[in-house]
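Residue-level listing of the chains:
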Amino acid sequence: MREKAKIVYRFKDNLYINLTNRCPNACSFCIKSKFSMVFEGYNLNLEGKEPSAEEVLAEIRHQSQEGPVGQIVFCGYGEPTMRLAVLLEVASVLKEDMALGKYPKTPIRLNTLGLGNLVYGRDITGDLAKVLDSVSISINSPKREQWLEVVRPQPQYRERGYESVLEFIRLLALKMQDVTVTIVDRLGIDVEETEKLARSLGAKFRVREFIA
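Computed from a predicted model, the values in this text were never measured in an experiment. (Residues numbered from 1 in each chain as written. Predicted model: local features only at pLDDT ≥ 70, side-chain atom pairs only at ≥ 80, totals over all residues. Heavy atoms only, no water.)

A. Molecular detail of the sheet that holds strand β2 (residues 14-17). Reading across the sheet, the 7 strands line up as β1-β2-β5-β6-β7-β8-β9 and stay open at both edges, with mixed pairing between neighbours. Both edges of this open sheet fall to β1 (8-11) and β9 (204-208), since each of them pairs with a single strand only. The average angle at which neighbouring strand axes cross in this sheet is 25°, direction not considered. Where strand β8 (residues 179-184) lies against β9, 5 bridges are found, and the strand directions are parallel. Of the residues in β9, the one forming a bridge with Ile 183 is Val 207. Packed onto the sheet, helix α6 (residues 161-175) meets β6 (108-112), β7 (134-138) and β8 and runs at close to 165° relative to β7. (Pairing = 2+ DSSP bridges. Helix = DSSP H or I, 4+ residues; strand = E, 2+ residues; numbered from the N terminus. Axes fitted to C-alpha atoms, helices over the stretch in contact; angles between N-to-C directions. Contact = heavy atoms within 4.5 Å.)

Written out as structure tokens, the structure is:
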């Protein structure tokens, strides 16, 4: 019998928050289907039972007692900004607790595909910048057509998706110092061109390891 789905799991020194399995993309390299929704032995299949902010916070506090935490990361097996309100509430409460000395000061990071502005029809970067220390945006191509081929967005995000991601990065980089654009290696993506694009938008750049 499969164990209960993890809403917070530890990997190396970090705590990762699994808010949702929903995602606006179906990336060609995504490991969700390859690993049957399991990562490092953790069952991340929420089966539609998405956690509340209170449940996430309780689990973070519980797991933080098991050892030092390098970063708290919104990641999981879905796009965290699909649950923006819960993301903001969790991060805000953690920041308040850290300021009051109730929780150790720990950097909070978001891993995202960068489609949040298009999903919500407004600029959400200001909301994110208030409660996050860093954001990593998986863009995976410096070219629109290749982006469509690699990340395979849902139909409603195909026409304006790539341009929206670029604008998301640009706006966020104006509000935060630690914004990083990433690509996955071994996908035939032009690394130098993508780095040039990231820098032009005011962001840092990093190549992520392909997980087979």
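B. Region of interest: the packing of aromatic side chains. All told, the structure shown has 4 aromatic pairs when counted by the stated rule. An angle of 20° between the planes, with centres 5.5 Å apart, marks the rings of Tyr 9 and Tyr 16 as stacked. Per residue, the accessibility class of Tyr 9 equals that of Tyr 16, and both read buried. Centroid distance Trp 147 to Tyr 162: 5.7 Å. Interplanar angle 55°. Geometry classified as tilted. In this pair, Trp 147 is assigned in helix α5 (residues 144-151) and Tyr 162 in helix α6, connecting sequence segments 15 residues apart. Feature note: the residues Tyr 9, Phe 11, Tyr 16 and Tyr 42 constitute an aromatic cluster, connected by ring pairs. (Phe/Tyr/Trp six-rings, centres within 6.5 Å; stacked < 30°, edge-to-face > 60°. Buried < 20%, exposed > 50% of the residue type's maximum accessible area, 1.4 Å probe, protein only.)

C. The nonpolar core, seen in detail. In terms of nonpolar packing, the biggest core is built from 59 residues, with Ile 60, Phe 74, Val 90, Leu 128, Leu 132 and Ile 139 touching the most fellow members. No other element matches helix α2 (residues 84-99), which puts 8 residues into this core. Ignoring sequence-local partners within four residues, the contact set of Ile 139 consists of Trp 147, Val 151, Tyr 162, Val 165, Leu 166, Ile 169, Val 181, Thr 182, Ile 183, Thr 194 and Leu 197. Residues Met 37, Leu 44, Val 73 and Tyr 77 belong to the second largest nonpolar core, which totals 7 residues. (Core = buried A, V, L, I, M, F, W, Y, C linked by side-chain atoms within 4.5 Å.)

D. Molecular detail of helix α1 (residues 53-64). With 12 residues, α1 extends 16 Å between its outermost C-alpha atoms, agreeing within 8% with the 16 Å of an ideal straight helix rising 1.5 Å per residue. In this structure, the buried side of α1 is in contact with β1, β2, β5 (72-74) and α2. (Expected span 1.5 Å × (residues − 1).)

E. The arrangement of the environment of Lys 196 in detail. As for its placement among the helices and strands, Lys 196 is situated in helix α7 (residues 191-200). Taking the C-alpha atoms as reference points, Lys 196 and Val 93, separated by 103 residues in sequence, lie 36 Å from one another.

F. Broad picture of the side chain of Ser 136. Mapped onto the elements of the fold, Ser 136 is located in strand β7. If we skip the residues at most four places from it in the chain, Ser 136 touches Leu 110, Asn 111, Thr 112, Thr 180, Thr 182 and Arg 206.

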